[in-house]
Amino acid sequence: MSIRFPLFALACLSPGAVQAATVTIDLRGPDGSPLADAVVMVEVPGAHVVQRGPYVMEQKSIAFQPHVLVVPIGATVSFPNRDAFRHHVYSFSKAKKFDLKLYGRDETRSVVFDQAGTVALGCNIHDSMSGFIIVSSTPYAARTDKAGRVTIAEVPAGGARLRVWSPAIHAPDNMMVQAITIAQSGFATSIVVRR
Ligand SMILES: [Cu+2]
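Attention here is on the structure that accompanies the text.

Thresholds applied
Residues numbered from 1 in each chain as written. Predicted model: local features only at pLDDT ≥ 70, side-chain atom pairs only at ≥ 80, totals over all residues. Heavy atoms only, no water. Donors = N, O, S within 2.8 Å, 3.2 Å for Na, K, Ca; no water. Helix = DSSP H or I, 4+ residues; strand = E, 2+ residues; numbered from the N terminus. Buried < 20%, exposed > 50% of the residue type's maximum accessible area, 1.4 Å probe, protein only. Pairing = 2+ DSSP bridges. Axes fitted to C-alpha atoms, helices over the stretch in contact; angles between N-to-C directions. Polar contact = N/O pair within 3.5 Å; in protein donor to acceptor, adjacent residues only side chain to side chain. Core = buried A, V, L, I, M, F, W, Y, C linked by side-chain atoms within 4.5 Å. Contact = heavy atoms within 4.5 Å.

Here we come to the coordination of the copper ion. Distances from the copper ion to its protein donors, namely His 87 (ND1), Cys 123 (SG) and His 126 (ND1), fall within the range 2.0 to 2.1 Å. Positions of the donor residues of the copper ion, expressed as sequence spacing, correspond to H-x35-C-x2-H. With His 87 in strand S8 (residues 87-93) and Cys 123 in strand S11 (residues 117-123), the pair connects residues that are 36 residues apart, well separated along the chain. For the pair His 87 and Cys 123, a shared accessibility class is recorded, and that class is buried.

In structure tokens, the structure reads:
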């Protein structure tokens, strides 16, 4: 699934306006298989996030769904419980610490994520429950699909910083960072995550 954020600057088509390009990234794991549920963020100077909620992280069938959710910084995320029993959702992550004490079926709680970074979710009752909320400071952010691919449209051409997050990336914060240059014709690359 790719999430696309329109760029308001596109409305300005005067000469000298920044061209918008499409960024396509193919991610593969160390064994060569497609890396799904990774998050690609393209940081562009001066770009501001846009809130396009609602952002929802369900507890369903004793799992967080989706497993990985990308939200812009400042987003309010709701955590509805769709199971017939209670969950107790928490995070100890630096980007957001919170604790949603036991609540039952079709009840919900919400949390505002006001700091960029990775928020690992857990449930106090069900140790097997694991999920992630990636809080992005750039509007050009999306999750890789089952084919390990992400396509982000309307990114301003020019210098940018590419961030890739996946638990499969063995680096601080599971994050790979590299400088890229986005041509007006677009930017596409394949990245193999090393062990
Ligand atoms: Cu639970």
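On we go.
This next bit is on the sheet that holds strand S13 (residues 141-143). Read from one edge of the open sheet, four strands run S13-S2-S15-S16, paired in antiparallel fashion. Both edges of this open sheet fall to S13 and strand S16 (175-182), since each of them pairs with a single strand only. If you compare each strand with its neighbour and ignore which way they point, the axes differ by 20 degrees on average.

Cis rather than trans, the peptide bond between Gly 53 and Pro 54 has omega equal to 5 degrees. Its location among the elements puts Pro 54 in the loop between strand S2 (39-43) and strand S3 (55-56). The backbone of Asp 37 shows a phi angle near 60 degrees, a positive value even though the residue is not glycine. Structurally, Asp 37 can be placed in the loop between strand S1 (20-28) and S2.

Turning to the sheet that holds strand S14 (residues 149-156), a few remarks are in order. Ordered by their spatial adjacency, three strands build an open sheet running S14-S1-S17, and the pairing between neighbours is mixed. Each edge of the sheet is formed by a strand with only one pairing partner; in this case those strands are S14 and strand S17 (187-192). Neighbour-to-neighbour, the strand axes of this sheet turn through a mean angle of 20 degrees, independent of strand direction. In terms of strand pairing, S1 meets S17 through six bridges, oriented parallel. Its bridge partner being in S17, Leu 27 is matched across the sheet by Ile 191.

By the secondary structure assignment, Arg 143 is in strand S13. Given a relative accessible area of 15%, Arg 143 falls into the buried group. At a separation of 2.8 Å, a polar atom in the side chain of Arg 143 contacts the main-chain carbonyl oxygen of Val 68.

A few words on the nonpolar core. By size, the foremost hydrophobic cluster in this structure holds 24 residues, and its most contacted members are Ile 25, Leu 27, Val 40, Val 42 and Ile 182. If you list the elements that add at least two residues to this core, you get S1, S2, S14, strand S15 (158-165), S16 and S17. The leading source of residues in this core is S1, at four residues. By size, the runner-up hydrophobic cluster in this structure holds 21 residues, among which are Phe 79, Ala 95, Leu 100 and Val 119.

Structurally, Arg 163 can be placed in strand S15. In this structure the C-alpha to C-alpha distance between Arg 163 and Ala 179, which are 16 residues apart in sequence, comes to 8.8 Å. Ignoring any residue separated from it by four or fewer positions in sequence, one finds Arg 163 in contact with Val 39, Val 40, Met 41, Glu 43, Met 175, Met 176 and Val 177. Of note is the side chain of Arg 163, whose polar atom sits 2.7 Å from the side chain of Glu 43.

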